[in-house]
Amino acid sequence: MDINVSQLLQEPVGSTREHDIDEDFDITGDGKNENRIKGHCTMLLTQRSILVKCNLTTELELTCNRCVSQFFQPVKIKFSEEFFPTLDIDTGAALPPPEEASSFTIDEQHILDLTEAIRQYALLAIPMKALCKKDCAGLCAKCGKNLNQGKCDCPQDDIDPRWAKLADLK
Ligand SMILES: [Zn+2]
Ligand SMILES: [Zn+2]
């Protein structure tokens, strides 16, 4: 997700650029899955950096916390981050690194790379407790059958409702 910002860096403070995104992206970085990421970013040149605001969506494959089935869920990736130039665009001189070591930077070729920011915010957007649907029936605590696909043959009388909660914790 490289964007060349050499033009923008030479414009007056307050200048903006719009950037549409619609591409495949390997969120987890494991080289296995790619997710389509769509949306829009606005870049604003400030006194010291380029402020990038992105509003993106993707679909992530998640595992249900109750019934352990795989399902796709739309996820919003929204962030606003500063990217600091490493070179002065006019003189070519190296600039001091940003105060916060974790800040995003623009490289010597004036390329602003959104990859790491999108990855970080996408991982944050993954729900801790994903459910395939709000009223997922989960698995039978006795036989392990997925109760979304119908009831099992286990005797009903000794099913303790607390099992459902325990199943949630796993
Ligand atoms: Zn489920
Ligand atoms: Zn059962």
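As shown above, the structure is provided for reference.
Okay, so let's go over this structure. Computed from a predicted model, the values in this text were never measured in an experiment.

### Focus: the coordination of the zinc ion (ligand 1)
Part 1 of the reasoning: Distances from the zinc ion (ligand 1) to its protein donors, C64 (SG), C67 (SG), C132 (SG) and C136 (SG), fall within 2.3 Å.
Part 2 of the reasoning: Geometry at the zinc ion (ligand 1) is tetrahedral, judged from its four donor atoms and the angles of 107 to 112° they form at the metal.

### Topic: unusual backbone geometry
Part 1 of the reasoning: Positive phi is not limited to glycine here, since V68 has a value of about 50°.
Part 2 of the reasoning: Within the secondary structure, V68 is located in the loop between β4 (50-63) and β5 (70-85).
Part 3 of the reasoning: Of note, the phi angle at H110 is positive, near 60°, even though the residue is not glycine.
Part 4 of the reasoning: Of note, H110 is situated in the loop between β6 (104-106) and β7 (111-113).
Part 5 of the reasoning: With relative accessibility at 15%, the residue H110 sits in the buried group.

### Concerning the packing of aromatic side chains
Part 1 of the reasoning: With the rule as written, the count across this model stands at two aromatic pairs.
Part 2 of the reasoning: Seen in terms of ring centroids, F79 and Y121 are 4.9 Å apart; in terms of plane orientation they differ by 20°. Their pairing is stacked. One end of the pair, F79, is in strand β5; the other, Y121, is in helix α2 (residues 115-125), with 42 residues separating them in the sequence.
Part 3 of the reasoning: By relative accessible area, which is 22% here, Y121 ends up partly exposed.

### Observations concerning the coordination of the zinc ion (ligand 2)
Part 1 of the reasoning: The zinc ion (ligand 2) binds to the protein through C140 (SG), C143 (SG), C152 (SG) and C154 (SG), with metal-donor distances spanning 2.3 Å.
Part 2 of the reasoning: Coordination geometry of the zinc ion (ligand 2): the four donor atoms subtend angles of 105 to 113° at the metal centre, consistent with an arrangement described as tetrahedral.
Part 3 of the reasoning: All donor residues of the zinc ion (ligand 2) come from one chain, and their arrangement in sequence is C-x2-C-x8-C-x1-C.
Part 4 of the reasoning: Residue class for C154 comes out buried when judged on its relative accessible area of 14%.

### Some points on α2
Part 1 of the reasoning: If you check which residues of α2 are buried, you get T115, A117, I118 and A122. The arc that holds the buried residues of α2, viewed along the axis, is 165°, so those residues lie on one side.
Part 2 of the reasoning: Where the residues of α2 are buried, they touch β2 (16-25), β3 (35-45), β4, β5, β6 and β7.

### Observations regarding the nonpolar core
Part 1 of the reasoning: I50, V52, L56, L112, L114 and I118 are the most contacted members of the largest nonpolar core, which totals 34 residues.
Part 2 of the reasoning: Among the secondary structure elements, those contributing two or more residues to this core are α1 (6-9), β2, β3, β4, β5, β6 and α2.
Part 3 of the reasoning: When residues of this core are assigned to their parent elements, the largest contribution, six residues, is made by β4.
Part 4 of the reasoning: For L112, the contacting residues outside a window of four places in its chain are M1, D2, I3, V5, M43, I50, V52, F83 and I106.

### So, the layout of surface pockets
Part 1 of the reasoning: Within this model, the largest pocket holds a volume of roughly 570 Å³.
Part 2 of the reasoning: Along the walls of the largest pocket sit 23 residues, with Q47, R48, S49, F84 and P85 positioned nearest its centre.
Part 3 of the reasoning: Here the lining of the largest pocket gets four residues from one element, more than from any other, and that element is β5.
Part 4 of the reasoning: Split into classes, the residues belonging to the lining of the largest pocket amount to 10 nonpolar, six polar and seven charged.

### Describing the pattern of salt bridges
Part 1 of the reasoning: The full count for this structure, using the stated rule, is five salt bridges.
Part 2 of the reasoning: Note that R17 is salt-bridged to E11, the shortest N-O span being 2.6 Å.
Part 3 of the reasoning: Note on R17: relative accessible area 29%, which makes it partly exposed.
Part 4 of the reasoning: A salt bridge links R36 to D22; the shortest N-O distance between them is 2.9 Å. Taken together, the residues span a long stretch of sequence, with R36 in strand β3 and D22 in strand β2 at a distance of 14 residues.

Parameters at a glance
Residues numbered from 1 in each chain as written. Chains lettered and ligands numbered in written order. Predicted model: local features only at pLDDT ≥ 70, side-chain atom pairs only at ≥ 80, totals over all residues. Heavy atoms only, no water. Donors = N, O, S within 2.8 Å, 3.2 Å for Na, K, Ca; no water. Tetrahedral: all angles 85-135°; square planar, octahedral: opposite > 155°, others 65-115°. Helix = DSSP H or I, 4+ residues; strand = E, 2+ residues; numbered from the N terminus. Buried < 20%, exposed > 50% of the residue type's maximum accessible area, 1.4 Å probe, protein only. Phe/Tyr/Trp six-rings, centres within 6.5 Å; stacked < 30°, edge-to-face > 60°. Arc of directions from axis to C-beta. Contact = heavy atoms within 4.5 Å. Core = buried A, V, L, I, M, F, W, Y, C linked by side-chain atoms within 4.5 Å. 1 Å grid on protein atoms, 1.4 Å probe; cavity = no way out; pocket = protein on both sides within 12 Å on 5 of 7 lines; lining within 4 Å. Points joined across faces, edges and corners; volume = space filled by probe spheres on them. Nonpolar A, V, L, I, M, F, W, Y, C, P; charged D, E, K, R; others polar. Salt bridge = Lys/Arg side-chain N within 4 Å of Asp/Glu carboxyl O.

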